Amino acid sequence: MSARPGAVAHQFDDARQQREAAELGMWTFLLTELMLFGGFFVGYTAYRHAYPEAFIEGSSHLDVLMGGINTGVLIMSSLTMALAVREAQLGRRKGIIINLILTIVFGGVFLGIKAVEYSHKIHEHLVPGPNFVLDSPISNNVQLFFSFYFAMTGTHAFHMIIGIGLMIWLIFKARSGAFNGEYYAPVEMVGLYWHFVDIVWIFLYPLLYLLGRH
Amino acid sequence: MSALTGEDAPPQAPRQHYLNVTYGVRSWLLTLDHKRIGLLYLASITVFFLLGGMFAVMIRAELVTPAGDLLQAETYNKMFTMHGLVMVFFFLIPSIPAALGNFLIPLMIGARDLAFPRLNLLSWYVFIVGGLFTLFAVVQGGVDTGWTFYTPYSSTYSNSAVAATAVGVFITGFSSVLTGLNFIVTIHKMRAPGLTWFRLPLFVWAHYATSLIMVLGTPVLTAAVVLVALEHLLGIGIFDPKLGGDPVLFQHLFWFYSHPAVYIMILPSMGVVSEVISCFSRKRIFGYKVIAFSSLAIAVLGFLVWGHHMFVSGQSVYAGMIFSFLSFFVAIPSAIKVFNWTATLYKGSISYDTPMMYAMGFIGLFTIGGLTGLFLASLAVDVHVHDTYFVVAHFHYIMVGGALMGYMAAIHFWWPKISGRMYPEGWGRFSALVIFIGFNLTFFPQFILGYLGMPRRYHAYPDEFQVLNVMSTAGATILGVGYLIPLIYLIWSMRYGPRAGSNPWKAKGLEWETTSPPPTENFLTTPLVTEEAYAYAAPDVEEQEGARVG
Amino acid sequence: MWEFPLFPEQASTIAGGVDSLYLFLVGLTAFFSVLIFTVIFVFAIIYRRRSDDERPEAIEGSHALEIFWSVVPFVIVMVIFTWGASLYFRNARSPDDAMEVNVVGKQWMWKIQHPEGRREINELHVPIGRPVRLTMTSEDVIHSFYVPAFRIKMDVLPGRYTTAWFEATKAGEFHLFCAEYCGTEHSKMGGKVVVLDPPAYERWVGGEEQGESLADLGARRFIELRCENCHYPGAGERGPSLAGLFGRIVPLEGGGTVEADESYFRESVLNPRAKVVAGFQPVMPTFQGQISEEQLLELIAYVRSLKAPQGEGR
């Protein structure tokens, strides 16, 4: 949020105030994200309660293995993200860049696997809407499950794409030497954001893939 | 203006201030100065207000006669939908916070700017893009779902531009979130030395509460309108009972945001009234802490009462009783505020300048609006008046009688600070009176209409409701004129009004200690705060008056 | 045309109660509004600014006053809550002997079925002095059944049943409105409730259009849809008998119970595997798309009419 790397923007008195403001801003933003996903979770819970069998049937159409791999991949990406922040604190330019690239790679793998899953669903006519076909007496309610599946994982994937965009921006900034031991707030903020997105998936995975499955 | 007379030399404008520091369209569209961004908002919401007002004119004109003869039913439905959408999302929600809050909060807390100036500019652009999407929906033929987007009508049955409008509301939501976030961080981290929480002006407290609602509520609305748009475009079934979806779930999500959104509209006005009442009675506000905390109480309670919009929606009797019970609690902090404002007048030194006229009008109309809310919170009566003109009258007393009166008070009160010039006081008082009369004539008959049973959103109605509807339309005409007068004289005063000086009202508060208009960086030296807000009785008023001339 | 009412007619048993609370609230609003307006006005005059140098004493506030004007509104709103909620609670449950009328809303008309089989559109004929229970559903969007003179309103939702009841006290014609915005001709979606003396009502019901009763229509539908192949007394494992089932509490497969009311029947026809009765297999096919809302209501009327066989409790 500052005009020049490492400098204190004119509206702040000192670097500390600037850092604290950025931190509070990020936490507040994450709060709004929490409310957004909260809305989806409430809807999901209400419908799961109304149609438990359909939701179990729906979740049995998901690929637990791919979801599981993705969970692992995301946890790895959180680790490398944390390392990137650590390197930033130590002011090590190369370390930041390597860890960010790793994080981007993990994120990319996640999105790739997600894309494969989506394409399977398209192939199996499990995308809600006029093309939805499922040979089941409760196909209508299973379709509801998939509406939530796509709405929630889609929103999540969209957040990841934004996160990757932010990391690419960070890499460029890091290359130009913008960060040092004193000033690394952007890396830290993007780190917070990325961890949040990971945590959302940690909730999504059991809720969509695992719960009640046989 | 009376405050200007005296032995002071005629006030001069500072040589350089935020308005003349740079010129040209670019310098405005790329500005990071919160004051200029505030003015960008001010201009945009004025345009939306006029637009929303035009829709209202069409509605009231149609309702002069019982038969639906002026507009076609479809057109009429689009008119009230657009009126609601534009007024709520593009005027009332951004009105005081985004325009005046933006301008004033840094000044009031002695900061050079908001914490995140770029985010602030971004939020204005987001707002404009959202607005353009909505206008695009109008050009596409309009939308006819009502501003509430109730499913499954909006998602499955309406053939109008639902998706474009939903996207517009969705985008605008981001603007609101960004503004709220910016305010929260700014109020937490950017206060001048010595400015503790309990020295903050109540305007700032009110905006803090408002920002909390913006940050916590808006995302849920976002989720809801995204689902409506998806359902409308793709038929994914979440709100479609044919696929097992529940249309009432939408109502829950929608009102979880939109009830607190009412407080987004009214809380900033309450903040304004606290400032104005105190200034024009020259008295410390009565019960400062109670007013401050009641703002927070309203914001928190506001999130617990959404179900009172759904007493007849088929929700369980017990849910209805719980929501009714909680709704009554909101009445208490609101009542406390009214009593404290009234008590502030006691033994004050009251002048009748335009802002004060509006503020007193606010207290009266808000009292009526709040008390009629009790009718709607009590279950048995709500069953009868729900979705009738009683509800329409009630929320216009809150949103127009309350929020808009507060907005008008604020515009007049801080106009000298914003523009550096005074508005014509006589015209100001006159138009305040016209608005007060016009408002009551418009909306009071609607309470009676509602209890008689006239449902809202009716294009045609039974004959026996005509007299009251004609009264309402007559009032609306007066009200419309009342709003045009300030628009004209305020624009006039930007060029021809007399110079205001830094503190024409002899008001307290940091924003009055800098020049009018303020310099880009607000204060030449960071102010040091040593006293509480509203220290009108303190002996140093005169000294400050002397100091600011130099 | 220039009649000018200020108060709606009272034509049901609950209207009086609602109006008393309303009038109390009007009184309360008037009292507090006048109080606040007067105090502001009086203060504004007494304490008007007499010279620009005036600097009144600061008054901090007063704990006693704050408590006073928090507690008083609290007590008042609790009184209102209790009053409003108890009225609502009493009005929520219909008397057991109420006459059953089915209402189906659709853009933009009300379709009404009387138990005797008489149908109406946008009109509802009812007798004075007899409770009427409305079972309502919608074919499309959300509507709301509103009769101001009775002080009743209930949303009419697609995909489920809502109920409302009233007992008319006055003969005459009263407005029937749709109160929930439902699309282009929302304001035309209404008509009238005609309240008749019991003899006049009997004449009306027995009038020229007399067809089969709802239960009879339902019985025919029951055979057409081949329901009777599985649902008959003594069908064993094929399907539960429906005789005497209505209104009973039924144990479910996998635990739990459900009241066999209109909503449960509806769900069982459209989504048979959602709640299977204990001891039966989920083998029933769905009838989604094969049966209209009105036909469903007829089926329910038929099931409701089936009495339990003598001496049997199943």
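Numbering of residues starts from 1 in every chain and runs along the sequence as written. As they are written, the chains are lettered A onward and the ligands numbered 1 onward, keeping that order. Whole-chain, interface and lining totals are the exception, using all residues; otherwise, since this is a predicted model, local features are given only for residues with pLDDT of at least 70 and side-chain atom pairs are given and counted only at 80 or more.

A word on the overall build of chain B
Step number 1: By the criteria applied, helices consist of DSSP H or I runs no shorter than four residues and strands consist of E runs no shorter than two, each listed in order from the N terminus. Secondary structure assignment for chain B yields 16 helices and zero strands.
Step number 2: In terms of C-alpha radius of gyration, chain B reaches 23 Å, essentially the compact-globule figure of 24 Å for 550 residues.
Step number 3: Here the C-alpha coordinates of chain B stretch approximately 70 × 45 × 45 Å along the principal axes.
Step number 4: Looking at chain B as a whole, 68% of its 550 residues are labelled buried.
Step number 5: Note on contacts: residues are paired as contacts if their backbone-placed C-beta atoms lie within 7 Å. A separation threshold of at least 6 residues defines the contact pool for chain B, and within that pool the share at least 24 residues apart is 85%. Atoms considered for the radius of gyration are the C-alpha atoms alone. The globule rule reads 2.2 Å times the number of residues to the power 0.38. Each residue is classified by how many other C-beta atoms fall within 10 Å of its C-beta atom, where C-beta atoms are placed from the backbone; a count of 20 or more means buried, 12 or fewer means exposed, and values in between mean partly exposed.

Focus on the sheet that holds strand β1 (residues 99-106) of chain C
All names here are of chain C.
Step number 1: As summarised here, the arrangement of the five strands in space is β3-β2-β1-β5-β8, forming an open sheet in which the pairing is mixed. Among the strands making up the open sheet, the edge pair consists of β3 (119-121) and β8 (162-166). For this sheet, the mean angle separating the axes of adjacent strands, direction not counted, is 25°.
Step number 2: In terms of strand pairing, strand β5 (residues 132-138) meets β8 through five bridges, oriented antiparallel. From the neighbouring strand, methionine 136 faces β8, where its bridge partner is threonine 162. Any two strands with at least two DSSP bridges between them are considered paired. Here the axes come from fitting lines to C-alpha atoms, over the contacting stretch only for helices, and the angles between their N-to-C directions go from 0 to 180 degrees.

Comments concerning the domain arrangement of chain C
Residue and element names in this part refer to chain C.
Step number 1: Domain ranges listed in this record stem from an automatic or a database domain assignment. The domain boundaries assigned to chain C delineate domain 1 (99-205) and domain 2 (214-305).
Step number 2: A straight line from the C-alpha centre of domain 1 to that of domain 2 covers 26 Å.
Step number 3: With eleven residues of domain 1 at the contact, the number on the domain 2 side is nine residues.
Step number 4: Broken down by secondary-structure element, the contributors of at least two residues to the side of domain 1 that touches domain 2 are β1, β2 (109-113) and β5.
Step number 5: Classifying every residue of the side of domain 1 that touches domain 2 gives three nonpolar, five polar and three charged. Residue type decides the class: Asp, Glu, Lys and Arg count as charged, Ala, Val, Leu, Ile, Met, Phe, Trp, Tyr, Cys and Pro as nonpolar, and the leftover types, Gly among them, as polar.

Examining the interface of chain B and chain C
Step number 1: Every contact between the two is made by 80 residues of chain B and, on the other side, 79 residues of chain C.
Step number 2: Residues of the side of chain B that touches chain C, tallied by class, amount to 48 nonpolar, 23 polar and nine charged.

Remarks on the nonpolar core
Step number 1: Note on definitions: a nonpolar core is a set of buried residues drawn from Ala, Val, Leu, Ile, Met, Phe, Trp, Tyr and Cys, linked by C-beta atoms within 7 Å. Ala224, Val225, Val273, Val276, Ala359, Ile363 and Ala409 of chain B are the most contacted members of the largest nonpolar core, which has 322 residues in total.
Step number 2: Among the elements that take part in this core, helix α3 (residues 73-108) of chain B stands out by supplying 23 residues, more than any other.
Step number 3: Listed in part, the 16 residues of the second largest apolar core include Ala260, Leu296, Tyr302 and Val303 of chain C.

Structural notes on the packing of helix α8 (residues 247-281) of chain B against helix α11 (residues 354-377) of chain B
Residue and element names in this part refer to chain B.
Step number 1: At a minimum axis separation of 9 Å, α8 and α11 run at an interaxial angle of 125°. It follows from the interaxial angle that α8 and α11 lie oblique. Crossing of α8 over α11 shows left-handed handedness. Across the interface between the two elements, Ser269, Val273, Val276, Ile277 and Phe280 from α8 touch Pro355, Met356, Ala359, Phe362 and Ile363 from α11. We call two directions roughly parallel when the angle between them is under 35 degrees, roughly antiparallel when it is over 145, roughly perpendicular when it lies between 65 and 115, and oblique otherwise. Left-handed describes a crossing in which the near helix is turned anticlockwise from the far one by less than a right angle; the clockwise case is right-handed.

A few points about the sheet that holds strand β9 (residues 172-178) of chain C
Residues and elements named next belong to chain C.
Step number 1: What the five strands build is an open sheet, ordered β4-β10-β9-β6-β7; its pairing is mixed. Looking along the sheet, the strands with just one partner apiece sit at the ends: β4 (123-127) and β7 (152-156). Averaged over all neighbouring strand pairs, the angle between strand axes comes to 20°, with direction disregarded.
Step number 2: Note that strand β6 (residues 143-147) and β9 share two bridges and pair antiparallel. Opposite phenylalanine 145, over in β9, you have cysteine 178 as the bridge partner.
Step number 3: Here helix α3 (residues 198-205) sits on the sheet and contacts β4 and β10 (191-196); the angle it forms with β4, its principal contact strand, is near 130°.

Overview of the confidence of the model for chain C
Step number 1: pLDDT measures the predictor's confidence residue by residue and takes values from 0 up to 100. Counting all residues, the mean pLDDT for chain C is 87, and 95% of those residues have values of 70 or more.
Step number 2: Interface confidence in the predicted complex, given as ipTM, is 0.90; pTM for the same model is 0.90.

Structural notes on the pairing of β9 of chain C
Residues and elements named next belong to chain C.
Step number 1: Within β9, five of the seven residues are buried, which leaves the element mostly enclosed by the surrounding structure.
Step number 2: Pairing geometry for β9 and β10, over five bridges, is antiparallel. Opposite glutamate 173, over in β10, you have valine 194 as the bridge partner.

Topic: the environment of leucine 114 of chain B
Step number 1: Along the chain, the position of leucine 114 of chain B falls in the loop between α3 and α4 (117-139).
Step number 2: With 82 residues separating them in the primary sequence, leucine 114 of chain B and leucine 32 of chain B have C-alpha atoms 9.5 Å apart.

A short note on the environment of asparagine 20 of chain B
Step number 1: Topologically, asparagine 20 of chain B is positioned in the segment before α1 (25-29).
Step number 2: Distance in space between the C-alpha atoms of asparagine 20 of chain B and proline 519 of chain B is 9.3 Å, their sequence separation being 499 residues.

Here we look at helix α2 (residues 63-92) of chain C
Step number 1: Any helix carries an expected span of 1.5 Å times its number of residues minus one. The end-to-end C-alpha distance of α2 of chain C is 42 Å, a good match for the 44 Å that 30 residues give at a rise of 1.5 Å each.
Step number 2: Regarding α2 of chain C, the residues found buried are Glu66, Trp69, Pro73, Val77, Ile80, Phe81, Gly84, Leu87, Tyr88 and Asn91 of chain C.
Step number 3: The secondary structure elements touched by the buried residues of α2 of chain C are α9 (288-301), α10 (317-345), α11 and α12 (379-385) of chain B together with α1 (15-46) of chain C.

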